[in-house]
Amino acid sequence: MLVAIVTSSIALMLQAGLKPPRPPVPVAVGEAVAGRWRRAPRVIYPPVALSSGVQGWADIRCSLATDGSLSDCRVLQESQPDYGFGDAGLEAMMAAQLAPGIQTPFVRQRIHFRLGD
């Protein structure tokens, strides 16, 4: 399960017009590929959701090539369509890459967006 946690300091950065850093985010995509990232997804909390204090999730599905690259990513479902969770999940997964040689034609990942305390 992918979790994006945003602390109050990042919320303050956004209010000041600063862009928060893109921290690496731990990800698990099923038993077959857990921990096998060459380039792990980096998730940015959607600004509209952050400024509104809204949490949510997005289900993303991508085709997986034998070299570990992801393509044809699409949003299967998202909890709050008007808050950008699907787009943020797509951006994170399209930039990610798994280790080569994983024998599955696609990966499906639910990305959870949660605000920190």
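Provided above is the structure to which this section pertains.
How each quantity is defined
Residues numbered from 1 in each chain as written. Predicted model: local features only at pLDDT ≥ 70, side-chain atom pairs only at ≥ 80, totals over all residues. Heavy atoms only, no water. Helix = DSSP H or I, 4+ residues; strand = E, 2+ residues; numbered from the N terminus. Buried < 20%, exposed > 50% of the residue type's maximum accessible area, 1.4 Å probe, protein only. Contact = heavy atoms within 4.5 Å. Areas by Shrake-Rupley, 256 points an atom, 1.4 Å probe, with all protein chains shown as cover. Salt bridge = Lys/Arg side-chain N within 4 Å of Asp/Glu carboxyl O. Disulfide = S-S within 2.5 Å.

Overview of the overall build of the chain
- For the chain, the count of helices and strands is four helices and six strands.
- Each helix (α) and strand (β) of the chain, taken in turn from the N terminus, gives the series β-α-α-β-α-β-β-α-β-β.
- For the chain, buried positions account for 37% of its 117 residues.
- Taking the intrachain contacts of the chain between residues at least 6 apart in sequence as the baseline, contacts between residues at least 24 apart amount to 70%.
- For the chain, the computed accessible surface area is about 6500 Å², with 53% contributed by carbon and sulfur atoms.

Focus: the pattern of salt bridges
- Inspection of every chain in the model, using the stated rule, returns two salt bridges.
- Aspartate 59 is the salt-bridge partner of arginine 108, the closest N and O atoms lying 3.6 Å from each other. Taken together, the positions of arginine 108 in strand β6 (residues 106-115) and aspartate 59 in strand β3 (residues 56-64) put the pair 49 residues apart, joining distant regions of the chain.
- Residue aspartate 59 is classed as buried on the basis of its relative accessible area of 4%.
- For aspartate 59, the salt bridge identified is with arginine 110, shortest N-O distance 2.8 Å. Of this pair, aspartate 59 sits in strand β3 while arginine 110 sits in strand β6, placing them 51 residues apart in sequence.
- Residues joined by salt bridges that share partners form a network here, namely Asp59, Arg108 and Arg110.

Brief notes about the state of the cysteines
- Overall, the coordinates contain one disulfide when judged by the stated rule.
- The residue that forms a disulfide with cysteine 62 is cysteine 73, at a sulfur-sulfur distance of 2.1 Å. What sets the handedness of the cysteine 62 and cysteine 73 disulfide is the S-S torsion sign, and at about 115° it is right-handed. Of this pair, cysteine 62 sits in strand β3 while cysteine 73 sits in strand β4 (residues 70-78); the two residues are 11 residues apart in sequence, bridging distant segments of the chain.

A closer look at helix α4 (residues 85-94)
- Among the 10 residues of α4, seven are classified as buried, and the element is accordingly described as predominantly covered.
- Looking at α4, one finds that the buried residues are Phe85, Gly86, Ala88, Gly89, Leu90, Ala92 and Met93.
- Those residues of α4 hidden inside the fold are in contact with β2 (37-39), α3 (47-52), β3, β4 and β6.

Examining the environment of valine 75
- Take valine 75: it is sitting in strand β4.
- For valine 75, a relative accessible area of 28% gives the class partly exposed.
- Sequence separation between valine 75 and arginine 108 is 33 residues, and the spatial gap between their C-alpha atoms is 9.7 Å.
- For valine 75, the residues in contact, after removing those within four places along its chain, are Asp59, Ile60, Gly86 and Leu90.

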